[in-house]
Amino acid sequence: MTRQSPTDETSTIPDAGPAPAAGAAEPGTAASGPDRPWHALDAADAAAALGTGPNGLAEAEAAARLDEHGPNELPTTPPEPWWRTAARQFISPIIAMLAVALVITVVLDELVDAGAIAAILLLNAALGYWQERKSAREVRALASLSAPECRVERDGAVRVLPAAELVPGDVVLLASGDRVPADLRLVETANLQVDESMLTGESVAATKTGAAVDADAPIGDREGMAYSGTLVRTGRARAIVVGTGLATELGEISDLVQGPAGRTPLEELTAGLEHRILLIIGVASTVLFATGWLLGGAPGELFRSIVALAVAAIPESLPIVLTVAMSVGVTRMARRNALVRSLPAVETLGSTTVIGSDKTGTLTMNELVVEAVWTAGGELDLADADAVETRALPVPGAVARAALRAGALSNEARRVPGERSALIGDPVDVAMAKAALRTGALDDEEFAARPLAHAPYESELRYSQTVRELDGERWLFVKGAPDALLAVADRIAVAEGRGPDARVVEAPIDRERVEAANAALAARGMRVLATARRRLAPDEAIADPLPPPGGLTLLGLEGMTDPPRPGVPEAIAACHDAGIEVIMITGDHPATAVAIAERLGLPVQGEPLVGAEIGELSDGELVDRLRSTAVAARVSPRDKRRIVDVLQDRGEIVAVTGDGVNDAPALKAASLGVAMGRSGTDVAREAADVVLTDDDFVTVVDAVEQGRVTFNAIRKATHFLLANGLASLIAVPISVYADMPLIFLPVQMLFMNVVTNGVQDIALAFERAEGDELRRRPRPRTEGVLSAVLWWRTALAGAWMAIATLGMFLWALDAGLAEDHARTLTMTLFIMMNFWFVHASRYEYRSIVLRPWGNPHLVVGSLAAVGLFWGAMNWPVSAGLMGFVPLSWQEWLLCIGLGVSSLLVVEADKIVQEWRRRRARNAGVDID
């Protein structure tokens, strides 16, 4: 046991409250002296600084400190009120324009128009509200809430108290399985190992000795500290509370997470588009009224024309289409194990240009696995994650088999009751036991047999040893640090013979060769342990406790690591093909991170970026370093957030994945935060926009693909709506200036925009993947909702539909048709042009002829739109309200035939655009 006893001094505790004021010590620094953090102080000095005696605090003193510092709790964010979620659905310029249109129609006593607009507003709000509340409920269901308790020594007596009642200076007792209740300075430790992965990202538990370390040591190297929220894997400890509540490492992270979230790329794009639409409609209405009045138009008729223009040009169904498209994306992502907490996050995934991923549990399996066994006869390669799962591992030779047996027989891993394949225990023990069992080096009966004697791993000794009886002989098996076993081994195991008849014999040990093999395995990012054995003499007594070993025969070295998840290298390659840069951001050791990065296919040129280096770099220098390496290791939560901030300041759209508390600040700051659902902490999930229920990076890539599908659907629907709005924006003013009757009534345009076009546009939101989403480069941030090609096509289609409808209206009037008849005929042509145009809008470059039935929702929706219009035209009530008259079958055929022209115009443009793309590609120019 490492023992450091606290002093009996009772000095006054310094001012180090939960919320440090200006000039006060930050979490992890000594309150008695900012130049000396707690981990750099000896335990005795820490006890003296906090006024803690050997019997702990007195109850009266603890009560006073609780009043001074407050409870040992972090503030929690309550769920968003339902009314705020509902109100957010109405915040948008398009919604504002619809609200104004609703007021105008009510004032004009156009109750049909008002009812339709109100229905659209309510339906859009209901869909968005339901989806956001549903995702929030699913995320909350993943959280496991508990009221932790701890053992505290006060007035010389040990008692169990709620962790919230801890105060600085309290003496806490830790045991295996405890969750650390506050930031602690360790005083006494016995075989203490603490899982700090939530703070550091390291999958291996940290060994704690209670020793002071350098003031600038990272969290993972602070042997004398245990931090709030981490988990005691093995051992015991006595420690002093040095930080509670916000004055802990968790508190500092909580502070970094605070602040409002920024707008997503889609929200920025749609807001800009909606403001431009509002500006264009406002200018056009003003010009129309002013010029019409100057030309002698009647103010009442001009006002009616302006209302018709506004209603015609406003894409009333755009908000609901956005909601439906993102809701469809949310549903599809949920099927792929990704829960989306807010609708715009769906599209943000598709816009991502950089993914900053945590290593442990996301890129890797979060499980130590023996991947290499070195013996004097060579190396056995077990580095196959798929084989690990299927037990189809290589058959070891005689010496490798002996090494694997020794590793499994000298550890404390055990079977989970009722589960044949599951093991529990220290991760290293479990890894070595699994390797022996799955290679057949050890059978279940041998593994389950009780040892004759056992000495567990001690961090000071750096080995464990076990005595077992096998085939009538007693053996001492030892595993531990290679240098520790080399010091007590005088022979090495070698194979005599070959194949099944080979047997293990002993030979003189070549220490330099063993040390070189150990260095080579460590250089590959592996944790290396040696195994050894000795046959006990028949008359040799077994002492209790076991004495230090000696006269051992070294069997071999076992190299273990947390291997990549299956499918992750391929997923990273898919990201690179899609123009997405992947960066590993981890708190783990640089050597381990680089080794995993190389196996994943991440570029590493030169040394990896480390946390100590980040603080010395300017923002520009930091970006340059990130361009040269895809690995950032030994980084703190603040470092992770800075990496995200500098990349986003350079125009990148950054998605961050993580599961630990240390990831929360970066998750919050990123354009998109992706948290792990299984292994993730509550803090990480609350800071994220998306939660993965399978903790797999491959799911992130699947979600990116679906995000691009969703944005493409939004882009196609927006193109369709804007072309219609442009056609109306051209046709209505021309009809006014030409002194013609109003080409469309406001109620007719509202019916077409909301009902017929709305049905088709919503169906367009269900568009599926085209198949090349992950082969395209990310959309330029300056591009907007529509690409340059689609803006041109919007203008072309809008202008053509305006010309065609004006021509039909003029022809009908010249033919002597009544105004209602002429309007109905013109509206029918407009609707039939949209019938064909919406199908042509499914692809930006590909012809609709290749996959005419690829979206069955659209086929049904477009036919339903025509059916609804036919019903409105022929039902006397609706026809009377909207000014429609029934048409003959000849007139219907005329409109259907002329309507095909919109499809032909768009398909012709696709041919021209594809020809331009081929020419550009042949010339080596990328125009996409």
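Residue positions are given per chain, counted from 1 along the sequence in the order it is written. In keeping with the model being predicted, local features are shown solely for residues with a pLDDT of at least 70 and side-chain atom pairs are shown and tallied solely at 80 or more, while totals for entire chains, interfaces and linings include all residues. Just so you know, side-chain values use all the structure's heavy atoms and leave hydrogens and water out.

Q: Any details on the overall build of the protein? Residues and values, ideally.
A: Under the scheme used here, helices are H or I runs from DSSP no shorter than 4 residues and strands are E runs no shorter than 2 residues, and both carry numbers assigned from the N terminus. For the protein, the helix and strand inventory stands at 32 helices and 27 strands. Considering only contacts within the protein whose residues lie at least 6 apart along the sequence, 73% involve residues at least 24 apart. Only the protein chains shown count as cover for residues, with accessible areas throughout obtained via the Shrake-Rupley method and a probe of 1.4 Å. In the form shown here, the protein has an accessible surface area of approximately 38,100 Å², with 57% of it arising from carbon and sulfur atoms. Whether two residues touch is decided by their heavy atoms; if any such pair falls within 4.5 Å, the residues are in contact.

Q: Now, about the sheet that holds strand β27 (residues 690–692): what can you tell me, with residues and values included?
A: Being paired, for any two strands, means DSSP has found at least two bridges between them. Here we have eight strands laid out as an open sheet, ordered β9-β27-β26-β25-β10-β22-β24-β23, and mixed in their pairing. Two strands lie at the open edges of the sheet, namely β9 (338–340) and β23 (609–610), each paired on one side alone. Summarising the sheet, strand β10 (residues 354–357) and strand β25 (residues 654–658) pair through four bridges and their orientation is parallel. Following the sheet pairing, S357 is matched in β25 by T657.

Q: So what's going on with helix α10 (residues 318–335)? Which residues, and what values?
A: Turn by turn, an α-helix covers 3.6 residues, leaving residues three or four places apart pointing in a common direction. Helix length check: α10, at 18 residues, gives a terminal C-alpha distance of 26 Å against a target of 26 Å (1.5 Å per residue), a fit within 8%. Counting buried positions along α10 yields 15 of 18 residues, so the element is predominantly enclosed. The span you would expect from a helix comes to 1.5 Å times its residue count less one. Here's how the labels work: a residue is buried when its accessible area is under 20% of the maximum for its type, exposed when over 50%, partly exposed in between, all with a 1.4 Å probe on protein chains only.

Q: Break down the environment of E598 for me, citing the residues and quoting the values.
A: Checked against the element boundaries, E598 lands in helix α20 (residues 590–600). A relative accessible area of 56% places E598 in the exposed class.

Q: Hey, could you go over the pattern of salt bridges for me, with residue numbers and the actual values?
A: The salt bridge criterion pairs a side-chain nitrogen of Lys or Arg with a carboxyl oxygen of Asp or Glu, the two atoms within 4 Å. One pass over the full model with this rule turns up 34 salt bridges. Among the salt bridges present, the one from E153 reaches R238, with a minimum N-O distance of 3.3 Å. Here E153 is found in strand β2 (residues 149–154), whereas its partner R238 is found in strand β8 (residues 231–243), with 85 residues between them in sequence. Here E153 matches R238 in class, with each residue buried. E914 is the partner of R918 in a salt bridge, and the nearest nitrogen-oxygen pair spans 4.0 Å. Within this pair, R918 and its partner E914 are both found in helix α32 (residues 889–922), separated by four residues, close to a single helical turn. Among the charged side chains, a network of salt bridges with common partners joins E59, R154, R159 and D170.

Q: Talk me through the pairing of β2; I want residue IDs and the actual numbers.
A: In the sheet, β2 pairs with strand β3 (residues 157–162) via six bridges, with the strands oriented antiparallel. Each residue of the ladder has a partner; that of V152, found in β3, is R159. In this structure, β2 lies alongside strand β4 (residues 171–175), joined through three bridges in antiparallel fashion. Bridge pairing in β4 places V152 opposite V172.

Q: Quick one: what's the story with the side chain of S841, residue by residue and with numbers?
A: By the element assignment, S841 lies in the loop between α29 (819–840) and α30 (856–874). Classification of S841 by relative accessible area gives buried; the value is 4%. Here a polar contact is taken to be a pair of N or O atoms separated by no more than 3.5 Å, where protein atoms must pair a possible hydrogen donor with a possible acceptor and residues adjacent in sequence count only if both atoms sit in side chains. Polar side-chain contacts of S841 include one of 2.9 Å to the backbone oxygen of F837. Among all residues touching S841, those that are not within four sequence positions of it are K716, H719 and F720.

Q: Quick one: what's the story with the packing of α29 against α30, residue by residue and with numbers?
A: Axis definition: a line fitted to C-alpha atoms, limited for helices to the stretch in contact. Angles are taken between N-to-C directions and run from 0 to 180 degrees. Interhelical geometry of α29 versus α30 gives an angle of 175° and a closest axis separation of 10 Å. As the angle between them shows, α29 and α30 are arranged roughly antiparallel. Of the residues in α30, those touching α29 at T824, M827, T828, I831, M832, F835, V838 and H839 are L858, V859, S862, L863, V866, F869 and M873. For the contact of α29 with α30, a count of residues per class yields eleven nonpolar, four polar and no charged. Angle categories: roughly parallel below 35 degrees, roughly antiparallel above 145, roughly perpendicular from 65 to 115, and oblique for all the rest. Here the term charged refers only to Asp, Glu, Lys and Arg, the term nonpolar to Ala, Val, Leu, Ile, Met, Phe, Trp, Tyr, Cys and Pro, and the term polar to all other amino acids, Gly among them.

Q: Just give me the short version of a nonpolar patch on the surface, but keep the residues and values in it.
A: On the surface, a cluster of nonpolar side chains totalling about 370 Å² of accessible area is made up of L279, V283, V287 and Y737. By the element assignment, Y737 lies in helix α26 (residues 697–737). Put simply, a patch holds well-exposed residues, over 30% relative accessible area, that have no salt bridge, with like charges counted together within 9 Å and Val, Leu, Ile, Met, Phe, Trp or Tyr side chains within 5 Å.

Q: Go over the confidence of the model for the protein, please, and point to the residues and values.
A: Mean pLDDT over the protein works out to 81, with 84% of the residues at or above the 70 mark. Every residue gets a pLDDT, meaning the predictor's confidence in that residue, from 0 to 100. Segment residues 138–147 is flagged for pLDDT under 50; beyond a separation of four residues in sequence, or across chains, it makes 14 contacts in the model. Taken together, the stretch residues 385–392 has pLDDT below 50 and engages in 13 contacts with residues farther than four places along the chain or on a different chain.

Q: Account for the nonpolar core, with residues named and values stated.
A: Put simply, a nonpolar core is a bunch of buried Ala, Val, Leu, Ile, Met, Phe, Trp, Tyr and Cys residues held in one set by side-chain atoms that sit within 4.5 Å of each other. M827, F869 and F884 are the most contacted members of the largest nonpolar core, which totals 63 residues. At the level of elements, α10, α26, α27 (746–764), α28 (788–814), α29, α30, α31 (876–882) and α32 are the ones that each hand at least two residues to this core. Element by element, the count of residues in this core is highest for α29, at twelve residues. If we ignore the near neighbours within four places in the chain, the residues touching F884 are Q748, F751, T824, M827, F869, A872, M873 and A879. Among the nonpolar cores identified, the runner-up in size contains 44 residues, and I585, V623, V635 and A664 belong to it.

Q: Give a detailed account of the packing of aromatic side chains, specifying residues and quantitative values.
A: Each Phe, Tyr or Trp ring (for Trp, its six-membered ring) is paired with any other whose centre lies within 6.5 Å, and the angle between the two planes then decides the class: stacked below 30 degrees, edge-to-face above 60, tilted in between. Scanning the entire structure with this criterion turns up seven aromatic pairs. Linked through ring pairs, F751, F869, F884 and W892 together constitute an aromatic cluster. One residue, R414, lies across the ring of F447, its end atom 5.9 Å from the ring centre. Above the plane of the ring of Y845 lies R917, whose end atom (NZ or CZ) is 3.7 Å from the centre. In our convention, an over-ring charge means Lys NZ or Arg CZ found within 6 Å of a ring centre and within 35 degrees of that ring's normal.

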